[in-house]
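For reference, the chains in residue letters:
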Amino acid sequence: MAELVPAEEPSMDLPIIDLDIYRSNASSSPTVQEECARAARALITYGALVLHDSRVSESDNEAFLDLLEDYFALPAETLKRDERPELGYQVGVTLENTEKPKCAVDEPCLRVIERLAPAERPLDISGHQPDPKCRFFWRMGEPAPYATQFPGLNAENVIPEAPGIRERWTSVMETWGKSMKSAVSGLAEMAAVGMGLPAETFTDAGRYGPHLLAPTASNLKKYGTKDTILAGFHTDLNFLTIHGRSRYPGLHIWARNTGRRIAVSIPRPGPGQNGSYLLVQAGKQLEHLTGGLVKAGYHEVVVNDATLKTVEARRRDFPDRPLVRISSTFFWHLSSDYDLAPIPALAEQAKAVRVANFDLGRDEGDEVEYAPMKVGQQVQNELKHIALLA
């Protein structure tokens, strides 16, 4: 257990996990086993990691960011045609000032903030209105061969009609979405192996998940004042979230065992190095399935000094481009009809980790009960908290 609960404070640099090691070597090799163990330790210790995948193209991310900047620069009345509120906004666009940060009214989350040192707390969300960000959900799931109990979470995609957007849309979204899905699926296998489970444990549970390519957009001409909260302090409701590099800084995360705010900076590939580096964060479904061995990672997106410097640089170097911060985000989900309950062996480890952290003076708050339920029910419960589902 000592290896899962380091006595010293973890580094502020997120561990970098190499998916190529897992893909290119026999699963039984010591090198693969160690890299998988590193992936599991990173998720347990930090709730996040940086993943390198040589198959993921930086140019595909750039094409994706260009498309979404162009789309979200369209007039609001044009964007509104792509809203589907009757489906809990689970496909199509969500306009600004719709999605609420759950933590603003969630007692357990507010207690997490209280336990942080004042200098490490997120920007104040106690009086925060709905987030000023927009979002688009593009479904990347495989249709289930059975009738789902949650059809609203598995709806058909919305393709924007706007000229100049529609022609590029499906190709760019599918190309980038498939890259992200493949990378995060590989990481899910590595994490399973690192936790002592069969490699396919998590990927089988998520085979028919309503996976979403889910970029957010923040208009920095309108919401570009320092300390503006673009996305209030929160965790993600899904299993794993993976991000490509955004053009604008502003993402902060809180690692489980540090209590410190970390400004995320995703490395760029070195000279002659293939692929991309991607940020992966644990979500609530992973926390539930592991009985709290892995905790969903808290994060926020704000306008900070680095954001403002980048805005000035973009204005100078790309004067004709929209000043819109796009997050290159993908939500990997478990299947809606999957029975979500803690895996007993992991739940036992979770209890031991909790005791070890307590002995080291790390207060993780009240013990959480992870009640059995369908994944679709868990998603619907979370959507009600953030005002996307009535």
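Note: the structure precedes this text.
Predicted, not measured: the structure shown is a model, and the values here were computed from it.

## Focus on the nonpolar core
Okay, so step 1: Ranked by size, the top nonpolar core spans 74 residues in total, and within it F72 and F202 carry the most contacts.
Okay, so step 2: Counting residues per element, this core draws most heavily on helix α6 (residues 166–194), which supplies 13 residues.
Okay, so step 3: Once you skip the residues sitting within four places of it in the chain, F202 turns out to touch A188, A191, A192, M195, L197, F239, L286, L289, W332, L334 and I343.

## Some thoughts on the packing of helix α2 (residues 30–46) against α6
A packed helix pair is summarised by two numbers, namely the angle formed by the two axes and the spacing between the axes.
Okay, so step 1: At a minimum axis separation of 7 Å, α2 and α6 run at an interaxial angle of 95°. In terms of orientation, α2 lies roughly perpendicular with respect to α6. Only L187, M190, A191, V193 and G194 of α6 make contact with α2, whose side of the interface consists of Q33, E35, C36, A37, A39, A40 and L43.
Okay, so step 2: The residue makeup of the contact of α2 with α6, split by class, is 9 nonpolar, 2 polar and 1 charged.

## Overview of the sheet that holds strand β9 (residues 251–254)
Okay, so step 1: Spatially, β7-β12-β9-β10 is the arrangement adopted by the 4 strands of the open sheet, whose pairing is antiparallel. Among the strands making up the open sheet, the edge pair consists of β7 (229–234) and β10 (261–263). Taking the axes of each pair of neighbouring strands and ignoring which way they run, one obtains an average angle of 20° across the sheet.
Okay, so step 2: Examined bridge by bridge, β9 and β10 share 3 bridges and lie antiparallel to one another. Within β10, the residue paired with H252 across the bridge is A263.

## Notes on the pattern of salt bridges
It is possible for side chains of opposite charge to pair when their charged atoms get near one another.
Okay, so step 1: This structure, assessed with the given rule, holds 26 salt bridges.
Okay, so step 2: A salt bridge links R166 to E161; the nearest nitrogen and oxygen atoms lie 3.3 Å apart.
Okay, so step 3: Residue classification places R166 among the partly exposed positions, given a relative accessible area of 38%.
Okay, so step 4: Here E287 makes a salt bridge to K295, at a shortest N to O gap of 3.8 Å.
Okay, so step 5: With relative accessibility at 5%, the residue E287 sits in the buried group.
Okay, so step 6: One connected set of salt bridges, linked through shared partners, spans E62, D66, E69, D70, R168, R247, R314 and R321.

## Structural notes on the packing of aromatic side chains
Okay, so step 1: Applying the stated rule across the entire model yields 12 aromatic pairs.
Okay, so step 2: Ring geometry for W138 versus W169: centroids 6.4 Å apart, planes at 75°, classification edge-to-face. Taken together, the residues span a long stretch of sequence, with W138 in strand β4 (residues 134–139) and W169 in helix α6 at a distance of 31 residues. The exposure classification of W138 matches that of W169, with both residues buried.
Okay, so step 3: With centroids separated by 5.8 Å and ring planes inclined at 90°, the aromatic side chains of Y146 and Y208 adopt a geometry described as edge-to-face. Linking Y146 in the loop between β4 and α6 with Y208 in the loop between α7 (201–205) and β5 (212–213), this pair joins segments that are 62 residues apart in sequence.
Okay, so step 4: Residue Y208 is classed as buried on the basis of its relative accessible area of 17%.
Okay, so step 5: The rings of Y71, F72, F136, W138 and W169 are connected pair by pair, giving a single aromatic cluster.

## What about the environment of M173?
Okay, so step 1: Relative to the helices and strands, M173 resides in helix α6.
Okay, so step 2: Considered as a pair, M173 and G206 are 33 residues apart in the sequence and their alpha carbons are 20 Å apart.
Okay, so step 3: Each residue touching M173, except ones within four places of it in the same chain, is listed here: F64, L67, L68, F136, W138, M140 and L213.

## Side note on the pairing of strand β6 (residues 216–219)
Okay, so step 1: As defined by bridge partners, β4 adjoins β6 across 2 bridges and the pair is classed as antiparallel. Pairing of C134 across the sheet is with A217, part of β6.

## As for the side chain of D82
Okay, so step 1: Counting through the fold element by element, D82 comes out in the loop between α4 (76–80) and β3 (92–94).
Okay, so step 2: For D82, which is buried and forms no salt bridge, the nearest opposite charge comes from R84, at a distance of 5.4 Å.
Okay, so step 3: For D82, the contacting residues outside a window of four places in its chain are Y71, G92, V93, F136, V158 and P160.

## Observations regarding the packing of helix α3 (residues 58–72) against α6
Okay, so step 1: It is the contact of α3 with α6, at a shortest axis distance of 9 Å, that shows an interaxial angle of 135°. Here α3 lies oblique to α6, going by the angle between them. Between α3 and α6 lies a crossing of left-handed hand. For the pair α3 and α6, the contacting residues are D60, N61, A63, F64, L67, L68, D70 and Y71 in the first and R168, W169, V172, M173, T175, W176 and S179 in the second.
Okay, so step 2: Here the residues of the contact of α3 with α6 sort into 9 nonpolar, 3 polar and 3 charged.

Parameters and conventions
- Residues numbered from 1 in each chain as written.
- Predicted model: local features only at pLDDT ≥ 70, side-chain atom pairs only at ≥ 80, totals over all residues.
- Heavy atoms only, no water.
- Core = buried A, V, L, I, M, F, W, Y, C linked by side-chain atoms within 4.5 Å.
- Buried < 20%, exposed > 50% of the residue type's maximum accessible area, 1.4 Å probe, protein only.
- Helix = DSSP H or I, 4+ residues; strand = E, 2+ residues; numbered from the N terminus.
- Contact = heavy atoms within 4.5 Å.
- Axes fitted to C-alpha atoms, helices over the stretch in contact; angles between N-to-C directions.
- Parallel < 35°, antiparallel > 145°, perpendicular 65-115°, else oblique.
- Nonpolar A, V, L, I, M, F, W, Y, C, P; charged D, E, K, R; others polar.
- Pairing = 2+ DSSP bridges.
- Salt bridge = Lys/Arg side-chain N within 4 Å of Asp/Glu carboxyl O.
- Phe/Tyr/Trp six-rings, centres within 6.5 Å; stacked < 30°, edge-to-face > 60°.
- Lys, Arg positive; Asp, Glu negative; His and termini not counted.
- Left-handed = near helix turned anticlockwise from the far one by under 90°.

Honestly, it's all geometry; don't read function into it.
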